[in-house]
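Residues per chain are reported as follows:
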Amino acid sequence: MIFNQWYVILESKELKKNKSLRVKRLNTEMALWRDDNGQAGCIDNRCCHRGVSLSCGKVVNGMLECPFHGFLYDQSGRVKVIPAIGRNRQPPETMKVPAFKTFESYGLIWIWWGDEEKCTAEPFFFKELAGFSFASFRDPWNVHYSRAIENQLDVVHLPFVHRTTIGSGNKTLVNGPVVIRDNEMITFYVKNVVDDGKAVPQKPDEIEDYEKLFHLQFHYPNIWQNFISDKIRAFAAFVPVDDENTIVIIRYYQRMFLIPFLKQLVNLIGIWVSIIILRQDKRVVETQLPKKSRMKMDERLIMGDKPIVEYRKHREEMMGQ
Ligand code: FES
Ligand SMILES: [Fe+2]
């Protein structure tokens, strides 16, 4: 995983008030809960006393109570109360577990994965989506999150994996694509066409007016959007679970319909179609080996794979490899 990054790990609705939640994210077992103000807390799931799973405990006075001997943890991971030594006595400072800084907005929860002093800004989000309404779905995939991301950067697979949906029309010839990286954002422009048997694919720098083409955007470490139109977007967050598992949060965003009932109906249809498309991807991507990608691996890439090469290259730069 790339260090010193904000990662989307959950949708807000997954974390209820007065209830602790156990998740595995970034290869780590975590316990989450909300304090009395609704603020999400996230700490290592293993009690520092005798190793019990903290997420089995209750939320008491905004803190998480270990179910074994009742130690109370605050959101910084510190034990604030040890009932056996008396509720009024301050536990030693060494009584603590690792805690993860959280951020919540747009119906998503992020954690900071890295050194806390390196966290100087809020996580990035595609802020224009704030004016849209959405429906969402979460799907577990048996791949490392790098493979799930690369699938959404892959413009070559469309006429094969999605022949019956978004890849219809037999546009198998891949021009470019044009890939623009701006710091942590990759935008890529797609110009797939039907192969007439004579055309040679255009190189990325031969494509004119590429800004007018259909395009997609990925922002490190784990969010993506597809510009279906000015008023419709698909969004995804690729939530790393461990080296072989990812949860894909997919959302259908639209701002065509605003009336409550109609809006919900359109969003439901939109997410239903998105799930069909996502499942077409999942069926194939879960067979990829190895489960995790890297820059130097035994794969023979082609020009159309440029977004994937760019993703791998920058990811490894960010990881200091
Ligand atoms: S194991 Fe958690 S309080 Fe004892
Ligand atoms: Fe796909």
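Every chain is numbered independently, its residues counted from 1 as its sequence is written. Lettering of chains starts at A and numbering of ligands starts at 1, both following the order in which they are written. pLDDT decides what is reported in this predicted model: residues at 70 or higher carry local features, side-chain atom pairs at 80 or more are listed and counted, and totals for whole chains, interfaces and linings draw on all residues regardless. To get the side-chain values, take all heavy atoms of the structure and skip hydrogens and water.

Colleague: How would you sum up the packing of helix α1 (residues 145-152) against helix α4 (residues 306-318)? Please name residues and give values.
Modeller: Every axis in this analysis is a line fitted to C-alpha atoms, fitted for helices over the stretch in contact. Angles between the N-to-C directions lie between 0 and 180 degrees. Numbering of helices and strands runs from the N terminus; a helix is a DSSP stretch of H or I covering at least four residues, while a strand is a stretch of E covering at least two. The contact between α1 and α4 brings their axes to 9 Å, and the two run at 145°. At the point where α1 passes α4, the crossing takes the right-handed sense. Within the contact between the two elements, α1 uses Tyr145, Ser146, Arg147, Ile149 and Glu150 and α4 uses Ile308, Tyr311, Arg312 and Arg315. Crossing handedness is read from the near helix: turned anticlockwise from the far helix by less than a right angle, it gives a left-handed crossing, and turned clockwise, a right-handed one. Any pair of residues with heavy atoms lying within 4.5 Å of one another is described as a contacting pair.

Colleague: If you had to explain the packing of α1 against helix α3 (residues 260-285) to someone new, which residues and values would you point to?
Modeller: Describing two packed helices takes the angle between their axes plus the distance from one axis to the other. At a minimum axis distance of 11 Å, the contact between α1 and α3 shows a crossing angle of 130°. The orientation of α1 with respect to α3, classified from their angle, is oblique. The hand of the α1/α3 crossing is right-handed. On α3, the residues that touch Arg147, Asn151 and Gln152 of α1 are Leu278, Asp281 and Val285. For the contact of α1 with α3, the per-class residue count stands at two nonpolar, two polar and two charged. Each angle receives one of four descriptions, namely roughly parallel if under 35 degrees, roughly antiparallel if over 145, roughly perpendicular if within 65 to 115, and oblique otherwise. Residue type decides the class: Asp, Glu, Lys and Arg count as charged, Ala, Val, Leu, Ile, Met, Phe, Trp, Tyr, Cys and Pro as nonpolar, and the leftover types, Gly among them, as polar.

Colleague: Give a detailed account of the coordination of the iron ion (ligand 2), specifying residues and quantitative values.
Modeller: Sodium, potassium and calcium take a 3.2 Å donor cutoff, other metals 2.8 Å, and in both cases only N, O and S atoms count; water is not among them, so sites may look incomplete. Protein-derived ligands of the iron ion (ligand 2) are His157 (NE2), His162 (NE2), Asp281 (OD) and Asp281 (OD), with the metal-ligand distances lying across 2.0 to 2.6 Å. Here the metal geometry follows the donor angles, with tetrahedral for four donors whose angles all fall between 85 and 135 degrees, square planar for four and octahedral for six when opposite donors are more than 155 degrees apart and every other angle is between 65 and 115, and irregular for all the rest. Geometry at the iron ion (ligand 2) is irregular, judged from its four donor atoms and the angles of 55 to 149° they form at the metal. For the iron ion (ligand 2), the donor residues sit on a single chain with the sequence spacing H-x4-H-x118-D. The exposure classification of histidine 157 matches that of histidine 162, with both residues buried. Residue exposure (1.4 Å probe, protein chains only): buried if accessible area is under 20% of the type maximum, exposed if over 50%, otherwise partly exposed.

Colleague: Describe the nonpolar core, with residues and values.
Modeller: By size, the foremost hydrophobic cluster in this structure holds 67 residues, and its most contacted members are Ile9 and Phe235. Among the elements that line this core, the one with the most residues is strand β17 (residues 232-242), at eight residues. In this structure, this core is formed jointly by two domains, domain 1 (5-118) and domain 2 (127-318), each of which donates at least three residues. Not counting the four nearest positions on each side in its chain, isoleucine 9 is found in contact with Arg25, Leu26, Leu32, Ile109, Trp110, Ile111 and Val239. Here, the term nonpolar core denotes a set of buried Ala, Val, Leu, Ile, Met, Phe, Trp, Tyr and Cys residues that are joined through side-chain atoms within 4.5 Å. Cys47, Cys66, Val79 and Ile82 belong to the second-largest nonpolar core, a separate cluster that totals 13 residues. Those domain boundaries reflect an automatic or database domain assignment.

Colleague: Tell me about the pattern of salt bridges, and name the residues and values.
Modeller: Side chains bearing opposite charge may pair, as long as their charged atoms lie close to each other. One side-chain nitrogen of Lys or Arg within 4 Å of one carboxyl oxygen of Asp or Glu is enough to make a salt bridge. As enumerated under the stated definition, the model contains 21 salt bridges in all. Where arginine 138 meets glutamate 14, a salt bridge forms, and the shortest distance between an N and an O atom there is 3.2 Å. Taken together, the residues arginine 138 in strand β12 (residues 133-141) and glutamate 14 in the loop between β1 (5-11) and β2 (21-25) connect sequence positions 124 residues apart. Take arginine 138: its relative accessible area is 34%, and that puts it in the partly exposed class. Notably, a salt bridge pairs aspartate 115 with lysine 118, separated by 3.7 Å at the nearest N-O pair. Residue classification places aspartate 115 among the partly exposed positions, given a relative accessible area of 29%.

Colleague: Run through the sheet that holds strand β5 (residues 58-60), naming residues and quoting values.
Modeller: Spatially, four strands are ordered β5-β6-β7-β8 in an open sheet, and the strand pairing comes out antiparallel. The sheet is open, and its two borders are formed by β5 and β8 (79-81), each paired with just one other strand. Where strand β6 (residues 63-65) meets strand β7 (residues 72-73), two bridges bridge the pair, whose relative direction is antiparallel. Looking at the pairing, glutamate 65 lines up with leucine 72 of β7. At least two bridges found by DSSP between two strands are what make those strands a pair.

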